[in-house]
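Each chain is listed here by its residues.
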Amino acid sequence: FLDIYVTPSMGDWTVARQAALVHESATNITVTRCSFRDTGGNSMLVANAVRDVRVAHSLFNGSGDNAIVVLGDRARTSGSARTFPTRVVIEHKEIWRAGGFIKGAAGIALSICANTTVSDNVIHQMPRAGITINDGFGGGHVIEHNHVYDCVLETSDHGPINAWGRERYY
């Protein structure tokens, strides 16, 4: 089970590159008015060269790992090869009780991505972070108008938003 986990960058977080719903190397995707319940692992993964994704007005309850992961691939990103998500909008959702099995999970986790907007969400009852920004790769993120509470209930090691950026060029 744990063999599928990777360390995407120099934060303190590992992630499985799998989920109940995976968007990989695609453009112009909209996910709206969906309900994800007790998925066992990640509920949604937006990975690699994904552009212009909108996830809105949906419910995420009881994910075994992260509810939503936005994740690029550093090993395949160089020169004109841009294998990371950009222009992703995650808005108007309720996320609660993610991290049922993996306690380092987040409601929304960002790593090796750019220009991601996380807006107007309600995130609560989390064992660790409500929102994790694992690295500063790409930048341009907008985190606004979220109601994040009752987080870090089991790990007690930071606040409801966890942000890293250890790589030397950040």
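The structure this text deals with has already been given above.
As the structure is a computational prediction, the values presented were derived from the model and not from experiment.

### Things to note about the sheet that holds strand β5 (residues 35-37)
- Taken in spatial order, the 5 strands line up as β5-β8-β11-β14-β18 in an open sheet, and their pairing is parallel. The sheet is open, and its two edges are formed by β5 and β18 (147-149), each paired on a single side. For this sheet, the mean angle separating the axes of adjacent strands, direction not counted, is 5°.
- Direction of pairing for strand β11 (residues 94-96) relative to strand β14 (residues 122-124): parallel, over a ladder of 3 bridges. By the bridge assignment, I95 is partnered in β14 with I123.

### Let's talk about the packing of aromatic side chains
- Applying the stated criterion across every chain yields a total of 2 aromatic pairs.
- Ring plane angle 5° and centroid distance 4.6 Å describe the contact between F36 and F60, whose orientation is recorded as stacked. Here F60 lies in strand β8 (residues 59-61) and F36 lies in strand β5, a separation of 24 residues in the sequence. The exposure classification of F36 matches that of F60, with both residues buried.
- Between F84 and F137 the ring centres are 5.0 Å apart and the planes differ by 75°, which places this aromatic pair in the edge-to-face class. Pair noted here: F84 is in the loop between β9 (68-71) and β10 (86-91) and F137 is in the loop between β15 (131-133) and β16 (138-139), with a separation of 53 residues, a long-range link. As far as the burial class goes, F84 and F137 line up, both buried.

Criteria and cut-off values
Residues numbered from 1 in each chain as written. Predicted model: local features only at pLDDT ≥ 70, side-chain atom pairs only at ≥ 80, totals over all residues. Heavy atoms only, no water. Pairing = 2+ DSSP bridges. Helix = DSSP H or I, 4+ residues; strand = E, 2+ residues; numbered from the N terminus. Axes fitted to C-alpha atoms, helices over the stretch in contact; angles between N-to-C directions. Phe/Tyr/Trp six-rings, centres within 6.5 Å; stacked < 30°, edge-to-face > 60°. Buried < 20%, exposed > 50% of the residue type's maximum accessible area, 1.4 Å probe, protein only.

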